[in-house]
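Chains, contacts and geometry: an overview
Residue-level listing of the chains:
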Amino acid sequence: MTERMRTWVESATDPDGDFPIENLPFGVFEREESDAPRIGVAIGDRVLDVREAIVHGMLPDVSGEVGRTLEATNLNAFAGLGRSGSGMVRTALQRLFGVDEGMLRDSGEQDRILIPACEVELGLPFSIGDYTDFYASKHHATNVGRMFRPDGDPLLPNWKHLPVGYHGRASSIVESGRPIRRPNGQTVGPDGPPPKHGPVRLLDYELEVGFFLGRRSELGTPIPIEQALQHVFGLVLVNDWSARDVQKWEYQPLGPFNAKNFATTISPWVVTLEALQPFTEPGPPRDADDPENLPYLSSDADVTIDLKLEVAIRSAEMRARDLPASRVSIGNYRDMYWTIAQMVAHHTSTGCDMRSGDLMASGTVSGPEEESRGCLLERTWRGQNPVPLADGTERKFLQDDDEVIIRGWCSKGDLRIGFGSCAGLVTPALG
Ligand code: CA
């Protein structure tokens, strides 16, 4: 067990906190609406204004080139430097927050540079260029296959040979806390066409893990699987809001479109791969009868991450009665079949280029247990087994004024790092 780092930031020593000195996730915040967005780092219940820290000479080990990227209004340029940039800044920050370092602790400027988190608004961490959503959980793909194609093999013939994905919509990705308006869509009833257009009825969440690309790759040049993680900056939680009634009618032959494009919520703090390193594990394991990966998807050094995930729902009634959100799902990212490195290698195997700020998401994270199914479609088995909420009601799918809250955290011994939350409240459709 590696020894814990010690810090003078008291709130960062809370054993149940998300942001100890070992985490230091990067994000973008505004203090006043009139201010330009700035890059921040979370520690305990505070946000470090990175630019102010640099201006006051508090990160002397950060080179000028790296420091200039941290003066931007998003993380694109900084993440584009690759892991050497994030590693350099991380080391400098851990020194600044270290228990024996007084430069910021004893400074009269501390309150201006290390701001209470409750005084800032968090925004999108990147200007997101492209967004790709995968389908990397065997449990999720099997469950959905069993529901939609009860007579055949639930997994299609390609599924265990490549990480299936589709190109999603970047413009409708929003930060945690933004309300999500129930979309209108085209659907058919149980008797089939003709379709109707109106508020979707089967609104769902999908619990996913997203990862932001950092170092770019050139068009025409695949990223080999061994180098894939050098191009990944860090991870966020993702809710891929989904309209199941639209999806069922529209998805053949080209896949999801309007069922998915109205909103995707992400958690605002990007947890770096450096912070997640202690929680990586070899794998994931394969069953004996699974096919061998093709060489471009195969690496002995590949890893998965022991990352616990939960989804909770809070209705308007529960908020009014001050009841806590009801947990409806609890799972772990290590149950995924395809790894981050495999998704990057496959995505770029054609020569498709990656740019800093591109987002990829894993697809719904489902495990083998009923309670580890990562969306209501699976959790309630298409509405047959509704989940109970603390206000005495139950849910088959989401209702207006429901808030969906996703959380994620890694823990090992007394080290715990968290992702904060990825939350969104459903508001009524336009009439
Ligand atoms: Ca999805």
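Residues numbered from 1 in each chain as written. Predicted model: local features only at pLDDT ≥ 70, side-chain atom pairs only at ≥ 80, totals over all residues. Heavy atoms only, no water.

**Regarding the coordination of the calcium ion**
- Ligation of the calcium ion by protein atoms is provided by Asp133 (OD), Glu206 (OE), Glu208 (OE) and Asp240 (OD), these donors lying 2.2 to 2.4 Å from the ion.
- Here the donor residues of the calcium ion are spaced in sequence according to D-x72-E-x1-E-x31-D. Here the residue Asp133 occupies a position in strand E6 (residues 131-134), and Asp240 occupies one in the loop between strand E14 (232-239) and strand E15 (242-243), the gap between them amounting to 107 residues. A single burial state applies to Asp133 and to Asp240, both of which are buried. (Donors = N, O, S within 2.8 Å, 3.2 Å for Na, K, Ca; no water. Helix = DSSP H or I, 4+ residues; strand = E, 2+ residues; numbered from the N terminus. Buried < 20%, exposed > 50% of the residue type's maximum accessible area, 1.4 Å probe, protein only.)

**Some thoughts on unusual backbone geometry**
- Omega for the bond connecting Pro193 with Pro194 falls within 30 degrees of zero, at 5°, which places this linkage in the cis form.
- Within the element layout of this structure, Pro194 appears in strand E11 (residues 192-199).
- Of note, the bond from Gly283 into Pro284 is cis; its omega dihedral lies within 30 degrees of zero at 10°.
- Counting through the fold element by element, Pro284 comes out in the loop between strand E18 (280-282) and strand E19 (303-305).
- The residue Leu24 is not glycine, and still its phi comes out positive at about 50°.
- Here Leu24 shows up in the segment before strand E1 (26-30).

**Examining the sheet that holds strand E4 (residues 114-116)**
- Spatially, E4-E3-E2-E1-E5 is the arrangement adopted by the 5 strands of the open sheet, whose pairing is antiparallel. The open sheet has two edge strands, E4 and strand E5 (121-122), and neither has a second partner.
- Relative to strand E3 (residues 46-49), strand E2 (residues 38-43) runs antiparallel, the two being bridged by 4 bridges. From the neighbouring strand, Ala42 faces E3, where its bridge partner is Val47. (Pairing = 2+ DSSP bridges.)

**What about the environment of Glu65?**
- Looking at where Glu65 falls in the secondary structure, it is placed in helix H2 (residues 64-69).
- Judged by relative accessible area, Glu65 falls into the exposed class, the value being 53%.

**Focus on the state of the cysteines**
- Inspection of the entire model under this criterion finds 0 disulfides.
- The closest cysteine sulfur to the non-disulfide-bonded Cys410 is located on Cys422, 16 Å from its own sulfur.
- Assessed through its relative accessible area of 0%, Cys410 is described here as buried. (Disulfide = S-S within 2.5 Å.)

**Examining the packing of aromatic side chains**
- With the rule as written, the count across this model stands at 9 aromatic pairs.
- Relative to Phe212, the ring of Phe126 lies with its centre 4.3 Å away and its plane at 25°, an arrangement referred to as stacked. Of the two residues, Phe126 is situated in the loop between E5 and E6 and Phe212 in strand E13 (residues 207-213); the sequence distance between them amounts to 86 residues.
- Residue Phe126 is classed as buried on the basis of its relative accessible area, which comes to 3%.
- Lying over the aromatic face of Tyr337, Arg286 brings its terminal NZ or CZ to 3.7 Å of the ring centre.
- Above the face of the Trp338 ring, Arg286 is positioned so that its terminal group lies 5.4 Å from the ring centre. (Phe/Tyr/Trp six-rings, centres within 6.5 Å; stacked < 30°, edge-to-face > 60°. Lys NZ or Arg CZ within 6 Å of the ring centre and 35° of its normal.)

**Comments concerning the pattern of salt bridges**
- A complete count under the given rule lists 28 salt bridges for this structure.
- Across the salt bridge formed by Asp45 and Arg46, the nearest N and O atoms sit 3.5 Å from each other.
- With relative accessibility at 43%, the residue Asp45 sits in the partly exposed group.
- Given the relative accessible area of 24%, Arg46 is considered partly exposed.
- A salt bridge links Asp306 to Arg334; its shortest N-O distance comes to 3.6 Å. Separated by 28 residues along the polypeptide, Asp306 in the loop between E19 and strand E20 (308-314) and Arg334 in the loop between strand E21 (326-332) and helix H10 (340-348) bring together distant segments of the chain.
- Take Asp306: its relative accessible area is 12%, and that puts it in the buried class.
- Among the charged side chains, a salt-bridge network with shared partners connects Arg38, Asp49, Glu52, Glu109 and Arg112. (Salt bridge = Lys/Arg side-chain N within 4 Å of Asp/Glu carboxyl O.)

**Details of H10**
- Of all 9 residues in H10, 9 are buried, a share of seventy percent or more.
- Every buried residue belonging to H10 is among Ile340, Ala341, Gln342, Met343, Val344, Ala345, His346, His347 and Thr348, and all of these are buried.
- Buried residues along H10 sit against E6, strand E7 (165-167), E13, E14, E19 and strand E22 (359-361). (Contact = heavy atoms within 4.5 Å.)

**A word on the domain arrangement of the protein chain**
- Per the domain assignment, the segments of the protein chain are domain 1 (10-122) and domain 2 (131-427).
- Measuring from the centre of the C-alpha atoms in domain 1 to the corresponding centre in domain 2 gives 29 Å.
- Opposite the 26 residues of domain 1 that make contact, domain 2 presents 24 residues.
- Taking both partners together, domain 1 and domain 2 bury about 2100 Å²; carbon and sulfur atoms supply 59% of that area.
- Together, Asp18, Arg83 and Leu122 form the three largest contributors to the area buried by domain 1 at its contact with domain 2, with a combined 31%.
- Run the count over domain 1 and domain 2 and you get 2 salt bridges.
- For Glu274, the salt bridge goes to Arg83, with nearest N and O atoms at 3.3 Å.
- Applying the counting rule to domain 1 against domain 2 returns 12 residue pairs in polar contact (both at pLDDT 80 or more).
- Elements supplying a minimum of two residues to the side of domain 1 that touches domain 2: E1, E2, helix H3 (76-80) and helix H4 (83-96).
- By residue class, the composition of the side of domain 1 that touches domain 2 is 12 nonpolar, 9 polar and 5 charged. (Domains from an automatic or database assignment. Buried area = accessible area lost by both parts, 1.4 Å probe. Polar contact = N/O pair within 3.5 Å; in protein donor to acceptor, adjacent residues only side chain to side chain. Nonpolar A, V, L, I, M, F, W, Y, C, P; charged D, E, K, R; others polar.)

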